[in-house]
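Residue-level listing of the chains:
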Amino acid sequence: MQLSRVLQPEIEETMESKKRLPTRSPAPRAVSQMMSECWSAHLMIDALWCGRRFRTFNVVDDFNREVLTIEVDFSLWATTGAHT
């Protein structure tokens, strides 16, 4: 008797019992209608040619994509973002 014939009923049972996930329909994103209504904050990390890393903290206005502030340092503390 072949092994595939023995396992075939078990495989069919598991295939039938698997449930498919429902199709996703994400809600539309909220769009700001005026300046300074919604801001985004981004923390980016990069490295210099010598290997030393630095961080930038960027605050961007979502309405017109204007950069409000950029803080650049080798180490940014949590209080830095709170003061900006």
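Above: the structure in question.
Residues numbered from 1 in each chain as written. Predicted model: local features only at pLDDT ≥ 70, side-chain atom pairs only at ≥ 80, totals over all residues. Heavy atoms only, no water.

### Some remarks on the environment of Ala41
Stage number 1. Turning to its location among the elements, Ala41 is positioned in strand S1 (residues 39-47).
Stage number 2. The residues touching Ala41, leaving out its near neighbours within four places in the chain, are Phe57 and Asn58. (Helix = DSSP H or I, 4+ residues; strand = E, 2+ residues; numbered from the N terminus. Contact = heavy atoms within 4.5 Å.)

### Observations regarding the packing of aromatic side chains
Stage number 1. Under the criterion given, the structure shown has zero aromatic pairs.
Stage number 2. Its guanidinium or amino end placed over the ring of Phe74, Arg52 lies 3.7 Å from that ring's centre, counting from NZ or CZ. (Phe/Tyr/Trp six-rings, centres within 6.5 Å; stacked < 30°, edge-to-face > 60°. Lys NZ or Arg CZ within 6 Å of the ring centre and 35° of its normal.)

### A closer look at the pairing of strand S2 (residues 53-61)
Stage number 1. Strand direction decides the pairing type here: S1 and S2, joined by nine bridges, are antiparallel. By the bridge assignment for S2, Ala41 is matched with Val59.
Stage number 2. Connecting S1 to the antiparallel partner S2 that follows it, the hairpin turn spans five residues, and Gly51 within it adopts a positive phi of roughly 100°.
Stage number 3. With six bridges connecting them, S2 and strand S3 (residues 67-73) associate as antiparallel partners. (Pairing = 2+ DSSP bridges.)

### Considerations on unusual backbone geometry
Stage number 1. The residue Ser36 is not glycine, and still its phi comes out positive at about 60°.
Stage number 2. Along the chain, the position of Ser36 falls in the loop between helix H1 (3-17) and S1.
Stage number 3. With a phi angle near 55°, Arg65 is a residue other than glycine that sits in the positive phi range.
Stage number 4. Of note, Arg65 is situated in the loop between S2 and S3.
Stage number 5. When its relative accessible area of 72% is taken as the criterion, Arg65 is described as exposed. (Buried < 20%, exposed > 50% of the residue type's maximum accessible area, 1.4 Å probe, protein only.)

### Topic: the sheet that holds S3
Stage number 1. Pairing is antiparallel in the open sheet, where three strands are placed in the order S1-S2-S3. Of all the strands in the sheet, just S1 and S3 have a single pairing partner and so form its edges. With strand direction ignored, the average angle separating the axes of adjacent strands in the sheet is 15°. (Axes fitted to C-alpha atoms, helices over the stretch in contact; angles between N-to-C directions.)

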